[in-house]
Amino acid sequence: MTATPIAGMVDHLDSSGSGPSEAEIAFVKAYLAEGPMDPALLANLPQGMAEREARMAELRARDWPNLGQYRAANAAALTTPTRVVFIGDSYTEFWQAADPDFFSNGIVGRGISGQTTPQMLLRFMADVVALKPRCVHILAGANDVAGNTGPCTPQDYKNNMLAMITLAQAHGIRVILGGLTVIEAFQWSPALKPAGRLGELDIWIRATAKARDLVYADYPAVLAAAVGRPIRAEFARDGVHPTAKGYAAMRPVAEAALARALDDGEPGAGEPVR
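Residues numbered from 1 in each chain as written. Predicted model: local features only at pLDDT ≥ 70, side-chain atom pairs only at ≥ 80, totals over all residues. Heavy atoms only, no water.

Asker: Give a description of the environment of P242 that names residues and reports values.
Answerer: Position of P242 among the secondary structure elements: in the loop between α11 (220-223) and α12 (244-262). Considering only alpha carbons, one finds P242 and N159, 83 residues apart in sequence, at a separation of 27 Å. Each residue touching P242, except ones within four places of it in the same chain, is listed here: Y31, L32, Y91, I231, F235, Y247 and M250. (Helix = DSSP H or I, 4+ residues; strand = E, 2+ residues; numbered from the N terminus. Contact = heavy atoms within 4.5 Å.)

The structure is reproduced here in structure tokens:
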């Protein structure tokens, strides 16, 4: 086996393979669509997840925060004004596929499936600040609870979120924090019981938004039957990720949050946006 050469610092990075594969894109489109999924796609899910994890492990070895995924898109975005950047994990990445019309007119998505807050923090300058938006929407936490990049304490998560908030505010960017809907189980980590942790993090997100005069987008209010309850069955196939119908319920909350954050008066008003 030929060892991978050590490149060190280079002038340009190869970003090939940084984004989702064609098979992953096809699965997401089928997941988001109305009606039953193709049985063949469901039957291939375990193999597909194994292949994805192998690919992601290789990617993390050469580009841990996945700075490559949006490198070309960021360069192109500099030619037109960016008003808002949505940064996050699969919730944000799949939202772009579910509702491309929403991610237009200066609103760009920078979600990467499977990512945790330390990875988002490392790409915050490149994927958010460099685009000079007026506002950033941060929706993150489930993968920290899942341990996708290793063990993580609640304080680690809070530190990463606070660092992103601080970076945004230091560059005059207003901040929206998205609420976390409770998840009872992760298909990729079935032994975990994440509901309690996610509920605790959402309480902290709400309190932080109020204390720091940020905007809190109350997605749990529209996705779940009640506070602390999991996402409703009609909004998700797997108990984790919204379908197109789930994103349709989230959009008015996001639009109200953007209207408040982009207002020339006080960016936050203490009360959650629903």
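Asker: Could you give an account of the side chain of T92, with specific residues and numbers?
Answerer: Tracing the backbone shows T92 in helix α5 (residues 90-98). In this view, T92 contacts F86, I87, R110, G111 and L139; residues no more than four positions away in its chain are not counted.

Asker: How would you sum up the nonpolar core? Please name residues and give values.
Answerer: Counting residues in hydrophobic clusters, the biggest one holds 66 residues, and the most contacted among them are F86, W95, F124, V136, I138, L177 and Y219. Excluding its chain neighbours within four sequence positions, the residues that come into contact with Y219 are W95, H137, L139, G178, G179, T181, M250, V253 and A254. (Core = buried A, V, L, I, M, F, W, Y, C linked by side-chain atoms within 4.5 Å. Buried < 20%, exposed > 50% of the residue type's maximum accessible area, 1.4 Å probe, protein only.)

Asker: Break down the packing of α5 against α12 for me, citing the residues and quoting the values.
Answerer: Close contact between α5 and α12 brings their axes to 10 Å; oriented N to C, the two are set at 100°. Here α5 is positioned roughly perpendicular relative to α12, judged by the angle of their axes. Of α12, the residues touching α5 (which contributes S90, Y91, F94, W95 and A98) are A244, Y247, M250, R251 and A254. Split into classes, the residues belonging to the contact of α5 with α12 amount to eight nonpolar, one polar and one charged. (Axes fitted to C-alpha atoms, helices over the stretch in contact; angles between N-to-C directions. Parallel < 35°, antiparallel > 145°, perpendicular 65-115°, else oblique. Nonpolar A, V, L, I, M, F, W, Y, C, P; charged D, E, K, R; others polar.)

Asker: Mind laying out helix α9 (residues 154-170), listing which residues take part and the relevant values?
Answerer: Taking 1.5 Å per residue as the helical rise, α9 with its 17 residues ought to reach 24 Å, and the 24 Å between its terminal C-alpha atoms agrees with that figure. Check the buried side of α9 and you find it contacts α6 (117-122), α7 (124-127), β3 (135-139), α8 (142-146), β4 (174-178) and α10 (195-211). Just beyond α9, the residue with positive phi is G172, at close to 70°. (Expected span 1.5 Å × (residues − 1).)

Asker: I'd like a rundown of the side chain of T82, residues and numbers included.
Answerer: Considering the arrangement of structural elements, one finds T82 in the loop between α4 (71-77) and β1 (84-88). With sequence-adjacent residues up to four places away left out, T82 is seen in contact with A77, G106, V108, L131, K132, P133 and R134.

Asker: Just give me the short version of the pairing of β3, but keep the residues and values in it.
Answerer: Where burial is concerned, most of β3 is hidden: five out of the five residues are buried. Alternating residues of β3 divide into C135, H137 and L139 and V136 and I138, and every residue in both groups is buried. Inspection of the sheet shows β1 paired to β3 by five bridges, in the parallel sense. Residue pairing across strands places I87 opposite I138, the latter belonging to β3. The sheet contact formed by β3 and β4 spans four bridges and is parallel. Opposite I138, over in β4, you have L177 as the bridge partner. (Pairing = 2+ DSSP bridges.)

Asker: Can you break down the packing of aromatic side chains residue by residue, with the values?
Answerer: Using the criterion set out here, one finds nine aromatic pairs in the structure. For the pair W95 and F103, a centre-to-centre distance of 6.0 Å together with 80° between the ring planes defines the contact as edge-to-face. With a relative accessible area of 0%, W95 lands in the buried category. For F103, a relative accessible area of 13% translates into the label buried. Considering the side-chain rings of W95 and Y247, the 5.5 Å spacing of their centres and the 25° angle between planes classify their relative orientation as stacked. One end of the pair, W95, is in helix α5; the other, Y247, is in helix α12, and 152 residues separate them in sequence. In terms of burial, W95 and Y247 fall into one category: buried. (Phe/Tyr/Trp six-rings, centres within 6.5 Å; stacked < 30°, edge-to-face > 60°.)

Asker: Lay out the pattern of salt bridges in plain terms, naming residues and giving numbers.
Answerer: Tallied over the entire structure, the rule returns eight salt bridges. Where R251 meets D99, a salt bridge forms, and the shortest distance between an N and an O atom there is 3.0 Å. Within this pair, whereas R251 is found in helix α12, its partner D99 is found in the loop between α5 and β2 (107-111), the two being separated by 152 residues in sequence. By relative accessible area, R251 is classed as partly exposed at 22%. For D99, a relative accessible area of 15% corresponds to the buried category. Measuring nitrogen to oxygen at the nearest pair gives 3.8 Å for the salt bridge that ties R197 to E200. Of this pair, R197 and E200 are both found in helix α10, three residues apart, which corresponds to roughly one turn of the helix. Residue class for R197 comes out partly exposed when judged on its relative accessible area of 45%. Connected through salt bridges with shared partners, the residues D99, D101, R251 and E255 form a single ionic network. (Salt bridge = Lys/Arg side-chain N within 4 Å of Asp/Glu carboxyl O.)

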